[in-house]
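# Summary of the model geometry
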Amino acid sequence: MSHSVTNPVLDAGDLPYGLPDFSSISDADFLPAFIEAMAAHRAEVEAIIADPDEPSFTNTVLALEKSGQALARAQRVFYGVLGPDATPSRNDIAAELAPKLAEHYSAIATDARLFERVSAVWERRDDLALEVDEYRLLDKRYRDAVRSGAALDDAGRDEMRRIIARLADLTTEFGRLVLDEANASAVAFDDESELDGLSPGALAAARTKARDAGRDGYLVALELPTSQASVAELADPAARRRVFDASLGRGSRGNEFDTTGLIAEIVALRARRAELLGYADHAAYVIAEETAPDVDAVEDLLRRFAGAVAPAAAAEEEALRELAGDEFDAAGYTYWLARHQRSQAAADIDAFAQYCGLDRVLRDGVFFAARRLYGLTFTERDDLAGYHPEVRVFEVFDAGGRGIGLYLADLYARPTKRGGAWMTSFVDQSRELGERPVVVNVLNIPKPDDGQPTLLSIDQLMTLFHEFGHALHGLLSDVRFASQSGTSVPRDFVEFPSQVNEHWALHPDVVANYARHVETGEQAPADLVEQVRATSGTEPAHATVEYLGAAIIDLGWHRLSTAQIDALDLPRSPDAWSSVESRALNALGAGNPHIPPRYLSPYFNHIFAGGYSSAYYAYIWSEVLDAATREWFDANGGLSAELGGRFAELVLSKGDSVDPLAAHRELIGGTADVAPLLRRRGLA
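An unreviewed UniProt entry annotates the protein chain as Peptidyl-dipeptidase Dcp of Gordonia araii NBRC 100433. Checking UniProt for the protein chain, the heading Sequence similarities (unreviewed entry) contains the comment "Belongs to the peptidase M3 family."

### Points about the sheet that holds strand β3 (residues 377–380)
Strand pairs in the sheet, formed through backbone hydrogen bonds, run parallel or antiparallel to each other. Taken together, the five strands give an open sheet; going across it, the order is β3-β4-β5-β7-β6, and neighbouring strands pair in mixed fashion. Each edge of the sheet is formed by a strand with only one pairing partner; in this case those strands are β3 and β6 (422–427). For this sheet, the mean inter-axis angle between neighbouring strands, taken without regard to orientation, is 30°. In the sheet, β6 pairs with strand β7 (residues 438–445) via five bridges, with the strands oriented antiparallel. Bridge pairing links Met423 to Asn441 in β7. Across the sheet, helix α15 (residues 458–475) lies against β3, β4 (392–397), β5 (403–412), β6 and β7, angled at about 165° from β7, the strand it touches most.

### Details of unusual backbone geometry
The phi torsion at Tyr17 lies on the positive side, around 65°, for a residue other than glycine. Residue placement: Tyr17 occurs in the segment before α1 (30–50). With a phi angle near 65°, Ser614 is a residue other than glycine that sits in the positive phi range. In this fold, Ser614 is placed in the loop between α22 (605–608) and α23 (618–635).

### Concerning empty space enclosed by the protein
Summed over all chains, the structure comprises three cavities of 30 Å³ or more. By volume, the largest cavity is sized at about 70 Å³. Ser227, Gln228, Val231, Phe244, Ala330, Ala331, Tyr333, Thr334, His542, His594 and Pro596 are the residues that line the largest cavity. For the lining of the largest cavity, the residue count by class is six nonpolar, five polar and no charged.

### Examining the pairing of β5
With 10 of 10 residues buried, β5 lies mostly within the body of the structure. Direction of pairing for β4 relative to β5: antiparallel, over a ladder of six bridges. From the neighbouring strand, Phe394 faces β5, where its bridge partner is Tyr407. Where β4 hands over to β5, the hairpin turn is made up of five residues, of which Gly401 adopts a positive phi near 85°. Bridge analysis of β5 against β7 gives six bridges, and the strand direction is parallel. Across the sheet, Ala409 pairs through a bridge with Asn441, a residue of β7.

So, how was this worked out
- Residues numbered from 1 in each chain as written.
- Predicted model: local features only at pLDDT ≥ 70, side-chain atom pairs only at ≥ 80, totals over all residues.
- Heavy atoms only, no water.
- UniProt positions renumbered as here; feature names shortened; annotations may be inferred.
- Pairing = 2+ DSSP bridges.
- Helix = DSSP H or I, 4+ residues; strand = E, 2+ residues; numbered from the N terminus.
- Axes fitted to C-alpha atoms, helices over the stretch in contact; angles between N-to-C directions.
- Contact = heavy atoms within 4.5 Å.
- 1 Å grid on protein atoms, 1.4 Å probe; cavity = no way out; pocket = protein on both sides within 12 Å on 5 of 7 lines; lining within 4 Å.
- Points joined across faces, edges and corners; volume = space filled by probe spheres on them.
- Nonpolar A, V, L, I, M, F, W, Y, C, P; charged D, E, K, R; others polar.
- Buried < 20%, exposed > 50% of the residue type's maximum accessible area, 1.4 Å probe, protein only.

If you want it as C-alpha cells, here you go:
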C-alpha cells in the first residue's frame, strides 16, 4: 500500500498487523489525510483509464480493486473512531467529508471512460476463464457502476452525483442529531426513591452521568431502541412514563435536534435515484443486491411472521393485564413483561447477572467458545493502544499458533459513543494485499462505579456473543480481495454468522466455564442456568412485534415513489411521518398500540444514517438461515472443532468470494426453511 511518511493517518507504520498508531493521530490530521488520499486515488484511476493496452481483468478490474488503498485506510481509521468517540470536532470533520467523499466516489463510478473499460471486460466475462472470486469481483464492479449512474446520459449522471452528494450530507447530519438528541433527552431524577427497581449498576451509571453533566441527582440515559432497559426495572409508573415518553419523542420535538425534515428529503432523493435507474422504488433498488429474491418475498415473510405472532401477542397482553390491572399501558409493558417472566420462572433469572462478570464472560465464555469451535486463542496486548483508553487490544492466534489478526474490545458506554453495538474493522483481510484483519467490537455497557464489577444482563450477554460473531467473520476471513473480505456480504446475510454465535452463550459447556459468582466464585446453580436457558429459548411476543414493526416501517418509507412522497407534503406536515408508519404497519397486519416499533422514524439510525435502508428485514431473513444452522449444529454434535471448522471453511472464511446462499446450502445440505425459526420463537 502506498502511504504518506508524514501523515500518521495514512502511514501504516510498524505496529503489528497494521494497527493504526492512534497515539500519533490528532483530529487535525484527518482532513489533510483525506485530501492527499483522494488525490492519490484519482491519479491511480487516471492511470488505469490511460492504459493503452486492451482492457483486461488484470489491468482494469484488479487494478481498480488495488487502487485507493490510502483512502480506504483513512476511512477505516476516521470512521472507526467516529462512531465510538464522536467528539464535536470529529462531527464537524464528518460533515465536511461527507459530500467530498460522495463526489469523489461518484465521479469515479460514473466516469464514462472508466465505465467503457469495465464494460469491455464484463462483456467478455464468460470467455476469460476467471476464478469464481474474480468473476464475482468483475460482476460487482460492473453492477456498482451501473447502480451509480454510469450507464445514464450526461444529464442523468450529473443528477445522480448531486443526489449522492446530498444524501451523504443528510445521512451524516441525521446520525449526529440522533446522538445529540439522545444525550439531550436523558431523563433527570432528583431523588433515588424515584428510581426504585434499578439495578445497582444502572443506578451508579445514572449518578455518574448526572455528575459528568455538572448537575445533582440522576440522569437516566436513553438507549437507541424504543424499549429502554430502565423502563423494565423502574417500579414507579410515573418514572416509567417519563423515560418511555422521552424515548418516543426523540427527533420529533421541534427542537434543534428534530430529524423529520431530514427524513422527508432523504426518502425523496432515494426514490428519485431508484427511478433514474429504472427501479420501481428504493426498496427494489436495494433488495436487487441482497440474497432475498425481491421486495414481495420480503413482505411475504414479514406478513407471515406478523400473522404468526398475533395470537402469541394477544395472549401475552392478556397475561400482563391480569398481572398489572389498571396500571397496564404501553409505557409499562416491558416492566410487567419482566414481572410475568419472573413469575413463570422457577428461579430468579435476574440473579444470573451475579454470575456474569464482564471479564470472565469475555475470557472464559466468548473466547472459550471460539477456541473450542475454531481453535482460536486470544492474548491481551497491553503494549498496544486503541483509540480510547477503555479499548482493549488482543492478538488472535489460530490452532497452530500463527497470529491471524487483532481483536479490539470497546465495551463501555460514554456520551460521545453512538447508541447500539457493532463491529467494524481497521484492516480488512486480503491475500492480494498481504493484510491480516484488525477488527473491533463496540458495545454500550454502563460503566459501574470504580471498584465495582461489571455485571452483564442476559441481553448484554447475548449482545456480546452476537457482536463477537461479526468479529469472527472478519478474523477468520481468507479471501484474495479486500472488497470480498469478512462481513462484506449482502446485508441480509451479514447478520447470520453473528446470530449463530449467540447460540453458544448458554451452551452447557460454555456457561459452565464462565458462570461464576463475582464475589464467591461459586458456579451458577444448575436450576438457575436451566431457567435462563428456557427463558431465552423462546422470545417474548413483544420482541418479535417490535422488530417486525421497525422492518415494516423501513419498507413503508422506501416503497414510496417520488409522486407519493410529494403528495405527503412532509416538510410542511410535521406529523406526516407517523401516518406513513401507521399505513405500513396496518397494511401487513402488524400495528399494535401497546408495542411500538423497535425504532420510530425520527431516531431510526439504521435506515436514515446507517446502511440498512430497505434492509432492516435482514435480521429476520438472516435468522431463518441461523435457525436452520443451529439445528444442523445440534443434530451433528454441537460445540465441536469438526463442525466449527466446517462452518469456518464454508462460510466464515469465504466472505463474498462465493455465493453466500450456495455456501449455506452446502453447509446444511439443503435450503433453509422458515419452520425452524417459527419453532424457536414459539410461533409454530
